[in-house]
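Residues per chain, in single letters:
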Amino acid sequence: MIKKLFDRRVPQLTGLYLVASWGFVQFVDWAVDQYALSPALINLVVTALLLLLPMIVLLAWRHGAPGEDAWTKVDAAVIGLNLVAAGGVLFIAFSGQELGAATTVRLVEDDDGNTVERVIPKASFRRDVLVWDFDNESGDPDLDWLQTGIVIGINADLVQDLFVTAVDATDPRVQEPLREAGFEQAVGVPLTLKRQGAERLSLGHFLDGELDLDGDTLVVTTRLYETRNARQAATHTYRGTDPLEIADRISVELRRDMGIPNWQIAESVDLPAAEIITDTPEAFRAVSEGQQLFRANDMAAARDKMKEAAALDSTCAVALVCVGQLSLLMGDQQPAREYFSAATSYAYRLPERAQLSIQVVDQLMLQGDPDAALRTGRYWTEIYPQDAAGRRLLAQIYAMRGDTDGMIVQYRALLAIDSIDVEAMSSLAAAFRVNEEYDSALVYYARLGELQPGDVDTHLNIAATQAGLLKFDEAREELERARVAAPNEPDVLNRMARLDLQQGLYDDASQRVEQMNSLARTPQQQFAAAGAEESLYYGLGQFDRLVDAYRRRLQAGAEHLPQIQLVSQMANSEILIYAVEAGMEGYALSQ
């Protein structure tokens, strides 16, 4: 048999086919790297060549012997059957995969209004990962800051790559379930909760690990998991003395393990993490500790730590931006302006996404140029279409301009990224309400109700939407459900009182307002109760009592709202409407 095979030159011809196939695969591999094509193209070619191998062997057997051989119907049938079978297998195996170019070229308008050409990765080639804090296995609490510090370094490196979206445990959708499970910090978290966190954010992978000491050497172990099945995709151990240098090495392996093409890893911008964050070890530690304090919801202490980092390294743009952001959250407008202004001077240290974020804030806050901010936001979301932070910020810009249609587009894009993003879903429903598209709003509120069955705010929003449709009975039923869930919640009473006013039931509304005042303990609750009183006395035409309610609302608002928000919310006060209607324009203008 072996002699017959050699006489018919089957091994020789099969070997020649395999050598030629190997050469063709090498050519395809070169073309993939040279022209930024899909790596799946190599798998397609290898599979196709292997599937055609039976045809080559049979044809070599029938026609490999010396001398002329006539082609028969059997030969045609062999070729036809093999091609059909190979085509069927390839269709089943590769029909859902992108086999062309991994990138696309777009003409986009940059933040200066110029049209530029940018190369954007296609959706099927982008990867996303939730990077969890590392557990400290050294037994030395003085290294606890590195639990977050390593993550900051990894994400600073990853954010430079257009193909990668990296998220850490600061995301509220991760923090809230952790706190409910009894974890104040994102360390020591079971694998099941880590997977749930990545699943909640619709991320394809999550990374965890631990850090230890071997003498003076830092040892960091990482494990990458696939979210859909919690399968461990890769594990690595890194040794060194510089945590940011270790973070640089981790990010390279992480991108490779997630399937980012080698040509992209080789060609993408990859500045060392120390260049982006800080090359001052003490400043890096202060930034890391500030991040931990922020997660613990200690805003003041977090801001002090970030200020410390900025004092240790005056060019640390990361720290300057964080101080600005924390100042905004605390309602301190002037320090926010100062630190954001300082950050713009050192924005060159940051990756492009962070630079765009600073530009938007600078254009809105410092330059007062919402048109420029809109251009920058659009540019940001064009070149980083999967960046949820950019889309949220762009949606806020549209909101400030009163462009609800623009908001709706961005919130829909956020839901395309993460179909269970309750924040985006709630904002989208609210935007539809503003547009008086109540049926569309109800669709999204219904989905929110399924995701958060016990959420009082969802019941309240559904009731408000039903009232907008003049479906008062349905609205009241929804409010009763909310009242069962939270019987003494002032917001529920507030919405019920307003529904009573809408239906002209002033006695019922008055009773609910009294109940709200008796339950109001915080400035926020007092502000809402006084607002309901304003609406009541406006409806009754009682100007003196309306003035009193207005003043109490103003006082309560001053205790918890930044001035700009207070002015915005008080501008819709009924006292101003009443004054204009009563011919008291001077009084309205004075207020």
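Residues numbered from 1 in each chain as written. Predicted model: local features only at pLDDT ≥ 70, side-chain atom pairs only at ≥ 80, totals over all residues. Heavy atoms only, no water.

A. Quick peek at the overall build of the chain. Of the regular secondary structure elements, the chain holds 30 helices and eight strands. Contacts spanning at least 24 positions in sequence make up 57% of the contacts within the chain whose residues lie at least 6 apart. Roughly 28700 Å² of accessible area belongs to the chain as shown, and the carbon and sulfur atoms make up 53% of that amount. (Helix = DSSP H or I, 4+ residues; strand = E, 2+ residues; numbered from the N terminus. Contact = heavy atoms within 4.5 Å. Areas by Shrake-Rupley, 256 points an atom, 1.4 Å probe, with all protein chains shown as cover.)

B. Quick peek at the nonpolar core. The biggest cluster of nonpolar side chains holds 88 residues, and the ones touching the most others in it are V129, F134, I154, L207, V220 and L254. For this core, the element with the most residues is helix 6 (residues 145-158), which contributes eight residues. Residues within four places of L207 in sequence aside, it is in contact with V129, L130, V131, W132, F134, I154, T222, R223, L224 and L254. (Core = buried A, V, L, I, M, F, W, Y, C linked by side-chain atoms within 4.5 Å. Buried < 20%, exposed > 50% of the residue type's maximum accessible area, 1.4 Å probe, protein only.)

C. Up close: the packing of helix 18 (residues 388-400) against helix 19 (residues 404-417). Closest axis-to-axis distance for the helix 18/helix 19 pair is 8 Å, and the angle between their directions is 160 degrees. Taken together, the axis directions place helix 18 and helix 19 in an arrangement best described as roughly antiparallel. As helix 18 packs across helix 19, the resulting crossing turns out to be left-handed. Contacts between helix 18 and helix 19 involve A388, R391, R392, L394, A395, Y398 and A399 from the first element and G406, M407, Q410, Y411, A413, L414 and I417 from the second. Here the residues of the contact of helix 18 with helix 19 are counted per class, giving 10 nonpolar, two polar and two charged. (Axes fitted to C-alpha atoms, helices over the stretch in contact; angles between N-to-C directions. Parallel < 35°, antiparallel > 145°, perpendicular 65-115°, else oblique. Left-handed = near helix turned anticlockwise from the far one by under 90°. Nonpolar A, V, L, I, M, F, W, Y, C, P; charged D, E, K, R; others polar.)

D. Structural context of the pairing of strand 5 (residues 164-168). Counted residue by residue, strand 5 has four buried out of five residues, so it is predominantly covered. Bridging between strand 3 (residues 127-131) and strand 5 involves five bridges; their strand directions are parallel. Across the sheet, the residue bridging to V131 is D168, located in strand 5. (Pairing = 2+ DSSP bridges.)

E. Representation of a nonpolar patch on the surface within the structure. A surface patch of nonpolar side chains, amounting to about 330 Å² of accessible area, comprises F24, F27 and W30. Inspection of the secondary structure assignment puts W30 in helix 2 (residues 10-35). Overall, the relative accessible area of 43% leaves W30 in the partly exposed class. (Patch = residues over 30% accessible without salt bridge, like charges linked within 9 Å, V, L, I, M, F, W, Y side chains within 5 Å. Salt bridge = Lys/Arg side-chain N within 4 Å of Asp/Glu carboxyl O.)

F. Layout of the environment of D133. Structurally, D133 can be placed in the loop between strand 3 and strand 4 (135-136). Once the C-alpha coordinates of D133 and G149 are considered, the two residues, 16 residues apart in sequence, prove to be 8.5 Å apart.

G. Spatial organisation of the pattern of salt bridges. Under the defined criterion, the tally for this structure stands at 27 salt bridges. Here E226 ties to R231 by a salt bridge, and the two come within 2.6 Å at their closest N and O atoms. E226 sits in the buried class, given a relative accessible area of 13%. A relative accessible area of 43% means that R231 is categorised as partly exposed. Where D313 meets R349, a salt bridge forms, and the shortest distance between an N and an O atom there is 3.4 Å. Placement of the pair is D313 in the loop between helix 13 (299-312) and helix 14 (317-329) and R349 in the loop between helix 15 (333-345) and helix 16 (352-366), with a sequence separation of 36 residues. Neither D313 nor R349 differs from the other in exposure class; each is buried. Beyond isolated ion pairs, a larger network of salt bridges with shared partners links D142, R285, E289, K305 and E308.

H. Spotlight on the state of the cysteines. A complete count under the given rule lists zero disulfides for this structure. Here C322 stays free of any disulfide, with the sulfur of C316 as its closest cysteine sulfur at 8.1 Å. (Disulfide = S-S within 2.5 Å.)

I. Representation of helix 18. For helix 18, spanning 13 residues, the distance from its first C-alpha to its last is 19 Å, which sits close to the expected 18 Å at 1.5 Å a residue. Buried within helix 18 we find G390, R391, R392, L393, L394, A395, I397 and Y398. As for helix 18, its buried residues are in contact with helix 7 (172-180), helix 16, helix 17 (370-383), helix 19 and helix 20 (422-434). The opening residue of helix 18 is D387, an N-cap whose side-chain oxygen sits 3.1 Å from the backbone nitrogen of A389. (Expected span 1.5 Å × (residues − 1). Polar contact = N/O pair within 3.5 Å; in protein donor to acceptor, adjacent residues only side chain to side chain.)

J. Inspection of the packing of aromatic side chains at higher detail. Scanning all chains against the criterion turns up five aromatic pairs. Pairing F24 with F27 gives two aromatic rings, centres 6.4 Å apart and planes at 25 degrees, and the pair type is stacked. With F24 and F27 both in helix 2, this residue pair falls three residues apart, about one helical turn. (Phe/Tyr/Trp six-rings, centres within 6.5 Å; stacked < 30°, edge-to-face > 60°.)

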